[in-house]
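Structural characterization, general
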Amino acid sequence: MSRRLSVSLLPELHPPHTHGGTALVIDVLRATTTATTFLEQGADAVIFAPTPEVAFARREAAGGAQVRLAGERSGVIIPGFDLGNSPLDAQRQNWAGHQIVMNTTNGTGAAHLAAQSAERVLLACLRNAPAAAVAALAYPGDLRIVCSGTNRQVSLDDCYAAGVLVRELLDRAVCQPDDSAQMVLALLNQWPDPLAALEASRHGQRLLGLGDVDAALADLALDVAFCAKVGVSDTVPRLLGSETG
Ligand code: 3SL
Ligand code: MG
């Protein structure tokens, strides 16, 4: 029998059968794109802290070790953190010898929630979508794509990335897509250009708007374009406890 392929439009929306199997968590704008980029750039590990306080404690406990905190609230760097949640910043240097501790509004929590019911959690985004499909299909069992959403609301950006992932999975294997999987797949007809889909999303609009009100955030438009590239990365982070690597 072929495996089930379900899509949770929000992390809290669990199809009834989803226990075990592989979860692919998406926060395309921007947490899973950023985590993927840190690892691609050589980071020893990316750790998803449940709160900023836990992130601060980890950095303090590490003493002089090379721990960097990355994360945002409302799209802007958390005060006291070293970096925001920008994949472009993650790409600017080689992070070998560094551990990156991340905390973000939606994506890091969504990954931890998915881990409660899945046997394993992979992090997916548009950049690694084909590689994430290959990695997920290497494991047995059902597949569940989890869209992080934005502040508990369904988000077009994550649903669109889920559609790309569904396409990549169905191109490679026979699966039984649920209704949500078929719905997100239909988004690809509406927006053949991934960048146009991200720019049309509420969160995409918000990030682009931040650049308009604060020149220091003008790079956010470049972040959105970076997140919209499909299939340019072979790095597929896997959540190991509270760490990805
Ligand atoms: O919510 C999150 O986890 C973030 O990815 C949101 S933001 O794109 O950094 O604003
Ligand atoms: Mg998001």
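Looking up the protein chain in an unreviewed UniProt entry gives the name Probable 2-phosphosulfolactate phosphatase, with the organism given as Deinococcus radiophilus. Regarding the protein chain, the UniProt comment filed under Sequence similarities (unreviewed entry) reads as follows: "Belongs to the ComB family." The record in UniProt for the protein chain states the following under Catalytic activity (unreviewed entry): "(2R)-O-phospho-3-sulfolactate + H2O = (2R)-3-sulfolactate + phosphate".

**Looking at the site of ligand 1**
Around ligand 1, the structure places Asp 27, Leu 29, Arg 30, Ala 31, Glu 72, Gly 75, Asn 85, Thr 104, Thr 105, Asn 106 and Gly 107. Looking at the shell around ligand 1 residue by residue, the classes come out as 2 nonpolar, 6 polar and 3 charged.

**Notes on helix 5 (residues 129-137)**
Residues spaced three or four apart along an α-helix point in a common direction, a consequence of the helix completing one turn every 3.6 residues. If you check which residues of helix 5 are buried, you get Ala 129, Pro 130, Ala 132, Ala 133, Ala 135 and Ala 136. On its buried side, helix 5 packs onto strand 2 (22-26), strand 7 (120-124), strand 8 (143-147) and helix 6 (156-172).

**Concerning the nonpolar core**
Counting residues in hydrophobic clusters, the biggest one holds 69 residues, and the most contacted among them are Leu 24, Val 25, Ile 26 and Leu 165. Per-element tally for this core: the top contributor is helix 6, with 9 residues. Residue contacts for Leu 24: discarding those within four places in its chain leaves Leu 122, Ala 124, Ala 132, Ala 136, Leu 143, Ile 145, Val 146 and Leu 165.

**Observations regarding the pairing of strand 6 (residues 99-103)**
A regular strand places its side chains on the two faces of the sheet in alternate fashion. Of all 5 residues that make up strand 6, 5 are buried, and the element is covered over most of its length. Pairing geometry for strand 3 (residues 45-48) and strand 6, over 4 bridges, is parallel. Residue pairing in the sheet places Phe 48 in a bridge with Met 102 of strand 6. Sheet topology note: the strand 4 (residues 67-73)/strand 6 ladder contains 5 bridges and is parallel. Bridging across to strand 6, Gly 71 finds its partner in Asn 103.

**So, the environment of Leu 5**
Tracing the backbone through its elements, the reader meets Leu 5 in strand 1 (residues 3-8). With 175 residues separating them in the primary sequence, Leu 5 and Ser 180 have C-alpha atoms 9.4 Å apart. Once you skip the residues sitting within four places of it in the chain, Leu 5 turns out to touch Leu 143, Val 166, Leu 169, Cys 175, Gln 176, Pro 177, Asp 178 and Ala 181.

**Here's the deal with the packing of helix 6 against helix 7 (residues 179-190)**
When two helices pack together, you describe them by how their axes are tilted relative to each other and by the distance separating the axes. Closest axis-to-axis distance for the helix 6/helix 7 pair is 7 Å, and the angle between their directions is 100 degrees. The angle between the axes of helix 6 and helix 7 places the two elements in the roughly perpendicular class. Of the residues in helix 7, those touching helix 6 at Cys 159, Tyr 160, Ala 162, Gly 163, Val 164, Val 166 and Arg 167 are Ala 181, Val 184, Leu 185, Leu 187 and Leu 188. Partitioning the contact of helix 6 with helix 7 into residue classes produces 10 nonpolar, 1 polar and 1 charged.

**Considering helix 7**
The end-to-end C-alpha distance of helix 7 is 17 Å, a good match for the 16 Å that 12 residues give at a rise of 1.5 Å each. Turning to helix 7, its buried residues are Ser 180, Ala 181 and Val 184. On an axial view of helix 7, the arc spanned by its buried residues comes to 105 degrees, and they lie on one face. Summarising the geometry of helix 7, the exposed residues directed more than 90 degrees from the buried face are Asp 179, Ala 186, Asn 189 and Gln 190. Check the buried side of helix 7 and you find it contacts strand 1, helix 6 and strand 9 (175-177).

**Some words on the environment of Pro 194**
Along the polypeptide, Pro 194 turns up in helix 8 (residues 194-200). Here Pro 194 is in contact with Leu 126, Tyr 160, Ala 228 and Val 230, once residues within four sequence places are set aside.

Here is what the cut-offs are and how they apply
- Residues numbered from 1 in each chain as written.
- Chains lettered and ligands numbered in written order.
- Predicted model: local features only at pLDDT ≥ 70, side-chain atom pairs only at ≥ 80, totals over all residues.
- UniProt positions renumbered as here; feature names shortened; annotations may be inferred.
- Near = placed C-beta within 6 Å.
- Nonpolar A, V, L, I, M, F, W, Y, C, P; charged D, E, K, R; others polar.
- Buried ≥ 20, exposed ≤ 12 C-beta atoms within 10 Å, placed from the backbone.
- Helix = DSSP H or I, 4+ residues; strand = E, 2+ residues; numbered from the N terminus.
- Contact = placed C-beta atoms within 7 Å.
- Core = buried A, V, L, I, M, F, W, Y, C linked by C-beta atoms within 7 Å.
- Pairing = 2+ DSSP bridges.
- Axes fitted to C-alpha atoms, helices over the stretch in contact; angles between N-to-C directions.
- Parallel < 35°, antiparallel > 145°, perpendicular 65-115°, else oblique.
- Expected span 1.5 Å × (residues − 1).
- Arc of directions from axis to C-beta.

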